[in-house]
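Architecture and fold: a report
One letter stands for each residue in the lines below.
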Amino acid sequence: YTQAKALIYSKYGEPKDVLRLHKHSISAPHATQVNLRLLTAPMNPADVNQIQGVYPSKPPFSTDLGNAEPAAVGGNEGAFEVLSTGAGVKNLSKGDWVIMKRTGLGTWRTHAQLDESQLIKIENKEGLTPLQVGTVSVNPVTAYRMLRDFCEWDWMRAGEEWMIQNGANSGVGRAAIQLGREWGIKTLNVVRQRKTPEETEALKKELLDLGATVVITEEEMLTGNFRDMVHEFTRQGREPIRLALNCVGGKNATALAKTLAPDSHMVTYGAMSKQPIALPSGLLIFKNLAFDGFWVSKWGDKNPELKESTIKDVLQLTRSGKFRDIPVDEVKWDWESEGSELAESVQGTLGGYRSGKGVFTF
Ligand code: NDP
């Protein structure tokens, strides 16, 4: 038996109120079962929405871990190491690193027992860190698919077409900047102003270092002469902005839409401001803009093979130093960690103006 602890919730609410640490034991794996140890699991915004009960996918509550009240394990993404395998397991062995094929399986736990079919093996883990593997399947995959699947880039014009995005310092935004740089797509990036001009400049510089073409603040976009600024960035409109990635909504999203060239797409994937998007009708009538949404969980379930190859591609870029780590706020989870401490760190996820994404490491 392996002793394990999992961060579980049996009713919806704020993470600090409903998450608790549950101790249980895991038996030796049989047949196609695999026993795993946590390496790294991030706290993504959707994980919190899920615990609040306001996210469309809800993991089923069960008593599988010997808990009295039916509950779900928090977290949707993470890297695990294989500890032992059942006799029927074909492709995994002790020491391998794996990630979960689908979301909703619960990753905030020191150990887990899953079926081989639920796992993706990380081939050639050398040259990768648990953080890189544990954060590859949601944010980078989202950025990758949104850049590739909603716009027919004219590859003959590499370096002359643009993507615009808000929430550019998010995990998704940082991934999009780097993929854009690799693929010859210029990026116009919008972030929220920080408390001091120095901090704002530092954030801009961080994104420029990742390969952003231009970084401006939401405040500059909404109050300055944004039209003229865009005109200048895009060489008097000769370089079209053909795609917008919207993480925020509200006025910010409207401003992005207005910069788009005719027949372009705006893909909405987040709603961080919780504000609806208002659109001038002319953008639809005269510019024929299209407004799409993207949800990586649903996309991944429908396209499991493409998801795996997308992950492979990103990890290959990571190995070759072309895809940098996101800034993180590491929360060490050891055997002595209190449930309340762990829940408190989850609670901070939606706070805004954070220096990095919270990640559990075990
Ligand atoms: P991160 O935790 O890395 O970043 C959060 C981002 O949201 C930061 O850029 C932050 O900016 C911004 N933000 C926070 N609060 C607000 C606010 N009130 N108004 C405007 N911006 C705000 O997030 P992720 O990259 O993991 O996720 C970003 C968004 O994308 C989330 O909404 C998430 O749910 C969504 N997402 C959607 C996916 C999909 O498939 N549809 C997949 C992955 C993510 P600041 O630093 O200024 O606070």
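One structure accompanies this document, and this report is about it. (Residues numbered from 1 in each chain as written. Predicted model: local features only at pLDDT ≥ 70, side-chain atom pairs only at ≥ 80, totals over all residues. Heavy atoms only, no water.)

**What about the site of the ligand?**
Quick reminder of the rule: Nearness here has a simple test: a residue counts as near a molecule or strand if at least one of its heavy atoms is within 4 Å of that partner. Under the rule applied, a polar contact is a pair of N or O atoms within 3.5 Å (in protein, one hydrogen donor and one hydrogen acceptor; residues adjacent in sequence only if both atoms are side-chain atoms). Accessible areas in this description were obtained via Shrake-Rupley with a 1.4 Å probe; residue shielding takes into account the shown protein chains only. In this description a helix means any DSSP run of H or I spanning at least four residues, a strand means any run of E spanning at least two, and both kinds are numbered starting from the N terminus. Only Asp, Glu, Lys and Arg are considered charged, only Ala, Val, Leu, Ile, Met, Phe, Trp, Tyr, Cys and Pro nonpolar, and every remaining residue, Gly among them, polar.
Lining the immediate surroundings of the ligand are 24 residues, of which Asn-169, Arg-194, Val-296, Tyr-353 and Lys-357 lie closest. The contact in question runs from an oxygen atom of the ligand to an N or O atom on the side chain of Asn-139, over 3.2 Å. Residue Arg-194 places a side-chain N or O atom 2.4 Å away from an oxygen atom belonging to the ligand. Bound to the protein, the ligand loses 87% of the 910 Å² it would expose on its own. Elements that contribute at least two residues to the shell around the ligand include exactly helix 4 (139-149) and helix 5 (171-183). Within the shell around the ligand, the residues separate by chemical class into eleven nonpolar, ten polar and three charged.

**A few points about the packing of helix 4 against helix 12 (residues 304-319)**
What counts here: To get an axis, a line is fitted to the C-alpha atoms, and for a helix only the part in contact is used. The angle between two axes follows their N-to-C directions and goes from 0 to 180 degrees. Roughly parallel means an angle under 35 degrees; roughly antiparallel means over 145; roughly perpendicular covers 65 to 115; every other angle is labelled oblique. By definition, residues are in contact when any of their heavy atoms lie within 4.5 Å.
In contact at an axis separation of 10 Å, helix 4 and helix 12 are set at 105 degrees when each is read in the N-to-C sense. One way to sum up the angle between helix 4 and helix 12 is to call them roughly perpendicular. Residues Pro-140, Val-141, Tyr-144 and Arg-145 of helix 4 touch helix 12, and the partners they reach there are Leu-306, Thr-310, Ile-311, Asp-313 and Val-314. Residues of the contact of helix 4 with helix 12, tallied by class, amount to six nonpolar, one polar and two charged.

**Let's talk about the sheet that holds strand 12 (residues 241-246)**
The condition is simple: Between any two strands, at least two bridges found by DSSP are needed for them to pair.
As summarised here, the arrangement of the six strands in space is 11-10-9-12-13-14, forming an open sheet in which the pairing is parallel. Looking along the sheet, the strands with just one partner apiece sit at the ends: strand 11 (214-217) and strand 14 (290-293). Between one strand axis and the next, the sheet turns by 20 degrees as a mean value, whatever way the strands run. Of the strand pairs in this sheet, strand 12 and strand 13 (residues 265-268) are connected by four bridges, and their pairing is parallel.

**Regarding a negative patch on the surface**
The following threshold applies: Two joining distances apply to patches: 9 Å for like charges and 5 Å for nonpolar side chains (Val, Leu, Ile, Met, Phe, Trp, Tyr), and every residue must have over 30% relative accessible area and no salt bridge. Here, a salt bridge means any Lys or Arg side-chain nitrogen found within 4 Å of an Asp or Glu carboxyl oxygen. We count Lys and Arg on the positive side and Asp and Glu on the negative side, and we leave His and both chain ends out. Lys charges are placed at NZ, Arg charges at CZ, Asp charges at CG and Glu charges at CD.
A surface patch of negative charge is lined by Asp-334, Glu-336, Glu-338 and Glu-341. Inspection of the secondary structure puts Asp-334 in the loop between strand 15 (328-332) and helix 13 (339-347).

**Thoughts on the state of the cysteines**
Let me state the cut-off plainly: Counting rule for disulfides: a pair of cysteine sulfur atoms within 2.5 Å.
Counted according to the given criterion, the structure contains zero disulfides. The thiol sulfur of Cys-151 is not disulfide-bonded, and the nearest other cysteine sulfur, from Cys-247, lies at 19 Å.

**Notes on the sheet that holds strand 2 (residues 20-26)**
Ordered in space as 2-1-4, the three strands form an open sheet in which the pairing is antiparallel. Both edges of this open sheet fall to strand 2 and strand 4 (72-73), since each of them pairs with a single strand only. Pairing between strand 1 (residues 2-9) and strand 2: seven bridges, direction antiparallel. If you follow Ile-8 over to strand 2, its bridge partner there is Arg-20.

**A short note on helix 9 (residues 250-258)**
Defined as follows: Think of it in three bands: with a 1.4 Å probe and only protein chains considered, a residue is buried below 20% of the maximum accessible area for its type, exposed above 50%, and partly exposed in between.
Counting buried positions along helix 9 gives seven out of nine residues, so the element sits mostly inside the fold. Within helix 9 the residues assigned to the buried category are Gly-250, Asn-252, Ala-253, Thr-254, Ala-255, Leu-256 and Ala-257.

**Notes on a nonpolar patch on the surface**
Taken together, the side chains of Ile-277, Leu-279, Leu-284, Ile-285 and Phe-286 define a hydrophobic patch exposed on the protein surface, amounting to about 500 Å² of accessible area. In this fold, Leu-279 is placed in the loop between strand 13 and helix 10 (281-285).

**What to know about the packing of helix 4 against helix 5**
Geometry of a packed helix pair, given as the angle between the helix axes and the separation of the axes. Let me state the cut-off plainly: A crossing counts as left-handed when the near helix is turned anticlockwise from the far one by less than a right angle, and as right-handed when that turn is clockwise.
Between helix 4 and helix 5, the shortest axis-to-axis distance is 8 Å and the interhelical angle comes to 50 degrees. Here helix 4 lies oblique to helix 5, going by the angle between them. The interaxial crossing formed by helix 4 with helix 5 has right-handed handedness. Contacts between helix 4 and helix 5 involve Asn-139, Pro-140, Thr-142, Ala-143, Tyr-144, Met-146, Leu-147 and Arg-148 from the former and Gly-171, Val-172, Ala-175, Ala-176, Leu-179, Gly-180 and Trp-183 from the latter. Among the residues forming the contact of helix 4 with helix 5, the class breakdown is ten nonpolar, four polar and one charged.

Without other data, these values stay purely geometric and don't point to any function.
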